[in-house]
Amino acid sequence: MAIKYIIKASKLVKKYNNHIALNNVSIKIPKGSIYGLLGPNGAGKTTFIRLVNKITKPDSGEIFFNNKPLIDEHTQKIGYLPEERGLYKKMKVGEQAIYLAQLKGMTKLDAIKKLTEWFDKFDILDWWEKKVEDLSKGMAQKVQFIISVVHEPELLILDEPFSGFDPINTELIKQEILELRRKGSTIIFSTHNMQSVEEVCDYITLINQAETIIEGPIEEVKKRFSQNTYDIHFVGNMITFTNALWTDFDLLRKEEISKTEFKVTVCPTGQNSINELIKNIVQGCEIKSVYESSAKMHDIFIKAVAESNEPNDAMNK
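Trainee: Got a sec to walk through the overall build of the protein? Specific residues and values, please.
Mentor: A tally of regular secondary structure across the protein gives 10 helices and 14 strands. C-alpha atoms of the protein, sized along the principal axes, occupy 70 × 50 × 45 Å. Of the contacts formed within the protein by residues at least 6 apart in sequence, a portion of 68% connects residues at least 24 apart. Carbon and sulfur atoms form 48% of the exposed surface of the protein, whose accessible area is close to 17200 Å². Between the mean site of the 42 positive side-chain charges and the mean site of the 43 negative ones, the protein shows a separation of 5 Å.

Structural data, given as structure tokens:
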């Protein structure tokens, strides 16, 4: 079955004075997916988001929304939660939420009904008549998230959606994001939190220095960067385990669960297989589990960005 795309961006170029923000970037976002838009600060992520929102225009290249050239009217079907929150501090919370919902094409009655449901779900209905300036940062972010999703957008763009949230509210927002995908929304998810990327994203694009350096389904990307590493959970003495490594395995990571229980990650450096290592370990330790580990998005991010910077680093020397 052919993949349907809600966004097809082809060969986008955007310059600001002498700065190139995007350089020939192409991104295709499958419908019904959570798509991770990743990259260091200044890589070009925000520029791409601004182009999709019609806040600015590309110098060259094209963007299609549901296979049609992107036009202003399409923004009615897009929800956007920017990293820099932008609520009017002197307005009442409910009044402002209704106003912004109407800007997205909702009637006042529909806006009040849907907003009331969302405020009740997030346990902030008591703040409807309060002014925005009276809200805590986390409370204000809940309100802005609701405003971004209340019109049930086909495409939802979230820029650092967990910023400022405690773990409980982070989990609440994460579950709402997954529920929105289940109901058919497509989500562009921009963040520096690589654990969140692993938990929710189906696809990713990693941009660095205005260019795409990695893209594809997240599991394929992780597999591509895996380097024959193994996670081992064992009970025993760490010194005994280390001695069993010989010189044919590197100890990459160690997690101490207790004085006698550990989780480690190892990588073979010589000819011996993991089977040989296990034979040595079991002589002095009790193995709980052994499995081949996939690369972590945190490590992939750092490695890919560092490698893409190397040619420029060499030119600047």
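Trainee: Can you break down helix α2 (residues 93-103) residue by residue, with the values?
Mentor: Of the positions making up α2, those classed as buried are Val93, Gly94, Gln96, Ala97, Ile98 and Ala101. Buried residues in α2 make contact with α3 (108-121) and α4 (137-149).

Trainee: Go over the sheet that holds strand β13 (residues 261-268) with me, naming the residues and quoting the values.
Mentor: Pairing within the open sheet is antiparallel, and its 4 strands lie in the order β12-β13-β11-β14. Looking at strand neighbours, the two that pair on one side only are β12 (249-256) and β14 (286-293), the edges of this open sheet. Sheet twist, expressed as the average angle between the axes of neighbouring strands with direction ignored, equals 20°. Bridge analysis of strand β11 (residues 229-235) against β14 gives 7 bridges, and the strand direction is antiparallel. If you follow His233 over to β14, its bridge partner there is Ser289.

Trainee: Explain the packing of aromatic side chains residue by residue, including any values.
Mentor: Under the defined criterion, the tally for this structure stands at 8 aromatic pairs. Between Tyr35 and Tyr203 the ring centres are 6.2 Å apart and the planes differ by 10°, which places this aromatic pair in the stacked class. In this pair, Tyr35 is assigned in strand β3 (residues 34-38) and Tyr203 in strand β9 (residues 203-208), connecting sequence segments 168 residues apart. Judged by relative accessible area, which is 21%, Tyr203 ranks as partly exposed. Following the ring pairs from residue to residue traces out a cluster consisting of Trp118, Phe122 and Phe145. It is Lys121 that lies over the ring of Trp118; its NZ or CZ is 4.4 Å from the centre.

Trainee: Describe unusual backbone geometry, and please don't skip the residues or the numbers.
Mentor: Even without being a glycine, Glu152 presents a positive backbone phi close to 55°. With respect to the secondary-structure elements, Glu152 resides in the loop between α4 and β7 (155-159). Since its relative accessible area comes to 55%, Glu152 is described here as exposed. Positive phi is not limited to glycine here, since Glu160 has a value of about 50°. Mapped onto the secondary structure, Glu160 falls in the loop between β7 and α5 (167-182).

Trainee: Outline the nonpolar core, supporting the account with residue identities and numerical values.
Mentor: In terms of nonpolar packing, the biggest core is built from 51 residues, with Leu115, Phe119, Phe145, Ile177, Phe189, Val197 and Ile204 touching the most fellow members. The element contributing the most residues to this core is α4, with 7 residues. Once residues within four sequence positions are removed from consideration, Ile177 is found in contact with Ile34, Phe145, Leu158, Phe162, Ile187 and Phe189.

Trainee: With reference to specific residues and values, describe the pairing of strand β10 (residues 211-217).
Mentor: In the sheet, β9 pairs with β10 via 6 bridges, with the strands oriented antiparallel. Across the sheet, the residue bridging to Ile204 is Gly216, located in β10. Counting the residues that bridge the hairpin from β9 to β10 gives 2 residues, and of these Gln209 lies at a positive phi of roughly 50°.

Trainee: Explain α4 to me, using residue names and the numbers behind them.
Mentor: Taking 1.5 Å per residue as the helical rise, α4 with its 13 residues ought to reach 18 Å, and the 19 Å between its terminal C-alpha atoms agrees with that figure. Where α4 is concerned, the buried positions are Gly138, Met139, Ala140, Gln141, Lys142, Val143, Gln144, Phe145, Ile146, Ile147, Ser148 and Val149. Where α4 is buried, its residues contact β6 (78-81), α2, α3, β7 and α5.

Trainee: An account of the sheet that holds strand β2 (residues 19-30) is needed here, citing residue identities and associated values.
Mentor: In spatial order, the strands read β2-β1-β4-β5; together these 4 strands make up an open sheet with antiparallel pairing. The open sheet has two edge strands with one neighbour each: β2 and β5 (68-69). Where strand β1 (residues 5-16) lies against β2, 9 bridges are found, and the strand directions are antiparallel. When the sheet's bridge partners are listed, Ile7 is paired in β2 with Ile29.

What counts, and where the lines are drawn
- Residues numbered from 1 in each chain as written.
- Predicted model: local features only at pLDDT ≥ 70, side-chain atom pairs only at ≥ 80, totals over all residues.
- Heavy atoms only, no water.
- Helix = DSSP H or I, 4+ residues; strand = E, 2+ residues; numbered from the N terminus.
- Contact = heavy atoms within 4.5 Å.
- Areas by Shrake-Rupley, 256 points an atom, 1.4 Å probe, with all protein chains shown as cover.
- Lys, Arg positive; Asp, Glu negative; His and termini not counted.
- Charge placed at Lys NZ, Arg CZ, Asp CG, Glu CD.
- Buried < 20%, exposed > 50% of the residue type's maximum accessible area, 1.4 Å probe, protein only.
- Pairing = 2+ DSSP bridges.
- Axes fitted to C-alpha atoms, helices over the stretch in contact; angles between N-to-C directions.
- Phe/Tyr/Trp six-rings, centres within 6.5 Å; stacked < 30°, edge-to-face > 60°.
- Lys NZ or Arg CZ within 6 Å of the ring centre and 35° of its normal.
- Core = buried A, V, L, I, M, F, W, Y, C linked by side-chain atoms within 4.5 Å.
- Expected span 1.5 Å × (residues − 1).

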